[in-house]
Amino acid sequence: MTEPKQTPLEQLGGTTGLVYMMLPIVAFVLANSSLGLTAAICAAVAVALAISVLRLVRKESLQPALSGLFGVAVASFVAWKTGSAKGFFLTGIWSNLALGVLFLLSVLVRRPLAGVVWGALTGTGTSWLKDKPSRRWFDIATLTLVGVFALRVAVWQWLYDEDRTGWLAVARIAMGYPLLALALLVVLWAGRRSGRRLKALAGAGTSSASTECPAASTAEPRDMEGLPRA
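Along each chain, numbering runs from 1 in the same order as the chain's sequence is written. Totals for whole chains, interfaces and linings use every residue, but because this is a predicted model, local features are given only for residues with pLDDT of at least 70 and side-chain atom pairs only at 80 or more, for both listing and counting. Note that water and hydrogens are dropped before the side-chain values are worked out from all heavy atoms of the structure.

(A) Fine view of the pattern of salt bridges. A side-chain nitrogen of Lys or Arg and a carboxyl oxygen of Asp or Glu constitute a salt bridge if their distance falls within 4 Å. Across all of its chains, the model carries 1 salt bridge by this definition. The shortest N-O distance in the salt bridge between Arg-197 and Asp-131 comes to 2.8 Å. With a gap of 66 residues between them, Arg-197 in helix 9 (residues 177-210) and Asp-131 in the loop between helix 6 (113-122) and helix 7 (132-161) connect regions that are remote in the sequence. Arg-197 sits in the partly exposed class, given a relative accessible area of 30%. Strands are runs of DSSP state E lasting at least two residues, helices are runs of H or I lasting at least four, and both sets are numbered from the N terminus onward. Whether a residue is buried, partly exposed or exposed follows from its accessible area with a 1.4 Å probe, protein chains only, as a fraction of its type maximum: under 20%, in between, or over 50%, in that order.

(B) Local environment of a nonpolar patch on the surface. Like charges are joined within 9 Å and nonpolar side chains (Val, Leu, Ile, Met, Phe, Trp, Tyr) within 5 Å, but only among residues with over 30% relative accessible area and no salt bridge; these make up the patches. Methods summary: accessible areas were calculated by the Shrake-Rupley approach with a probe of 1.4 Å, and residue burial reflects only the protein chains presented. On the surface, a cluster of nonpolar side chains totalling about 630 Å² of accessible area is made up of Leu-97, Val-101, Leu-104, Leu-105, Leu-108, Val-109 and Leu-143. Here the nonpolar patch gets 5 residues from one element, more than from any other, and that element is helix 5 (residues 90-108). In this structure Val-101 comes out as partly exposed when scored by relative accessible area, which is 45%.

(C) Representation of the packing of aromatic side chains within the structure. By convention, a stacked pair of Phe, Tyr or Trp rings (six-membered ring in the case of Trp) has centres within 6.5 Å and planes under 30 degrees apart, an edge-to-face pair has planes over 60 apart, and any other such pair is tilted. Applying the stated rule across the entire model yields 6 aromatic pairs. Judged by centre distance (5.9 Å) and plane angle (45°), the rings of Phe-77 and Trp-80 are tilted. With Phe-77 and Trp-80 both in helix 4 (residues 63-82) and 3 residues apart, this pair spans about one turn of that helix. Given the relative accessible area of 55%, Trp-80 is considered exposed. Aromatic side chains Phe-103 and Phe-149 sit 5.5 Å apart centroid to centroid with 70° between the ring planes, which places their arrangement in the edge-to-face category.

This is the structure we're talking about:
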């Protein structure tokens, strides 16, 4: 019996993953508003560590927790180096800018990354590259992700420039997993549509090959001298 396919939100860790992502940010903002930057950095790292330990105790996958811990550690280091609480959110702006440029370039060179990643995760490879409609669908999916990255950069950078740390935290949470899950729905649409088309094309090719018979197979049997057998 095949397992039901996960939704985009489930693939990102579900509601639990969303809460885990929120907690270090909330801890940082609350601690910074009352205790200062140093306490905020300590609070964010401590919460991220606690989440990693909790996932270990509950025997859950550690990869999301460790990735989150690394991200919090880097963001905290940047905040400490800049001496400003809003510096905690700089890495998010930089990473989304880099991802947006990378995904846009992949479309321009006709290798949309949404399709490349989809093929790697599903084991379908890059056969879709030879099919123009499939490539167009993955172009749409990739450009949707570019739009997500661009929107994040625009909003977060504006809030950063306005020194609105609290609203920056709200925007970071609201435009994090929820917005990405919506974009992944487009990737899922492109992947499934491409898969159905490629299967149909493969089936049509197989049917056409099976209906072709050698001319010799229908010829009348003849003897060694080329005369019809009695």
